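# Structural features, examined
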Amino acid sequence: MNELKIQNQAGIAFSINRYQKNDNAITRTLEKLSGGDKLTRAADNASGLSISETMRGQIRGLARAQLNMQDGLSVLETTDAGLQHVSGVLQRIRELAVQTSTDTVSDEDRGAAQKELDQLLQSIDDTADKMEFNTQSILGDVRPLYIHVGANTGQALRIDTVNVSTASLGIAIAELSTREKAEDLITNVDKAQGIISSHLANTGADYEALTHHKDNVSNTEASLQKSESLIRDPDLAYEMMEFVKQGIRQKGDEMLIKHTNQNINDVLRLFS
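The structure contained in this document is the topic of the report that follows. These numbers come from a predicted model, not from an experiment.

## Description of the nonpolar core
Among the nonpolar cores identified, the biggest contains 44 residues, and L90, I93 and L185 are the most heavily contacted of them. Looking at this core, the elements with two or more residues in it are α2 (46-99), α3 (107-130), β3 (144-148), β4 (156-160) and α5 (179-232). The greatest single-element share of this core, amounting to 15 residues, is contributed by α2. Residues in contact with L185, not counting those within four places in the same chain, are I93, A97, L117, I171, A174 and L176.

## Structural notes on the environment of L90
Of note, L90 is situated in helix α2. Taking the C-alpha atoms as reference points, L90 and D190, separated by 100 residues in sequence, lie 8.6 Å from one another. Those residues in contact with L90 that sit more than four places away from it in its chain are I124, I171, V189, A192, Q193 and I196.

## Some remarks on the pattern of salt bridges
If you walk through the whole model with that rule in mind, you get 9 salt bridges. For the salt bridge of R143 with D141, the shortest nitrogen-to-oxygen distance reads 3.1 Å. Using a relative accessible area of 22% as the deciding quantity, one classes R143 as partly exposed. Residue D141 is classed as partly exposed on the basis of its relative accessible area of 31%. As a salt-bridge pair, R179 and E180 come within 3.1 Å of each other at their nearest N and O atoms. A residue is classified by how much of its surface remains accessible, and R179, at 28% relative accessible area, is partly exposed. Among the ionic contacts, a cluster of salt bridges with common partners joins D103, R179, E180 and E183.

## Section: the side chain of Q193
With respect to the helices and strands, the residue Q193 is situated in helix α5. Look at Q193 and you get buried, because its relative accessible area is 12%. Of the polar contacts made by the side chain of Q193, one reaches the backbone oxygen of S87; its length is 3.2 Å. Contacts of Q193, omitting those with residues within four sequence positions, involve S87, L90 and Q91.

Conventions and cut-offs
Residues numbered from 1 in each chain as written. Predicted model: local features only at pLDDT ≥ 70, side-chain atom pairs only at ≥ 80, totals over all residues. Heavy atoms only, no water. Core = buried A, V, L, I, M, F, W, Y, C linked by side-chain atoms within 4.5 Å. Buried < 20%, exposed > 50% of the residue type's maximum accessible area, 1.4 Å probe, protein only. Helix = DSSP H or I, 4+ residues; strand = E, 2+ residues; numbered from the N terminus. Contact = heavy atoms within 4.5 Å. Salt bridge = Lys/Arg side-chain N within 4 Å of Asp/Glu carboxyl O. Polar contact = N/O pair within 3.5 Å; in protein donor to acceptor, adjacent residues only side chain to side chain.

Given below as structure tokens:
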């Protein structure tokens, strides 16, 4: 006896299965379009995701290193400002020493000059003691500061703090009470100016070196970001085309399932 086949279960199952797969593909495409990342899960590209995560670690490390270097540049800028101040004070001290290195000045003049000299020397020591960066003294003692300038271990640049106290400059004891002492002070101030000039030169050299490192790191970070973008950023035009194709395919499967069910219902009504 021949069996009347009303429903093609295999065809419907195939259409439903294809519909579900297409629905999943649409979901993944929407994730890429909405999130701006074509690697939404490891299964999308396991090796690419691993490479991308390594690059991201380097990129974030380089970004942090640039902030470290900016702090280092700020330290050097503060150091330069302090050294410039001390240099200006030394110029005034030398002027007083020249003024009192002659016998034509009176004892009262020397006394007034000495009073100003004492205030100027105190100003230098105050600068050495109180000028800080992030609570750290930068003009009161000599010690190394290591600035981390890269994303990996061992990538550091050394800069040194300086000491500009009157004791370190050799002018802690300075008098203008006699012509001879005033002349000695001229010599000592000239030596102190030489020390300050050397500090300024070293500070300028450190600033230039740190600036070059910062520029290089910025360029490296930009290159890594570009490479990482090629791995992770979706091709929006391609993904939109896929989305349209998937939408058309999904509509086709919906219509196929709908018409198949409608045809079955029509046949069944013939027997009712």
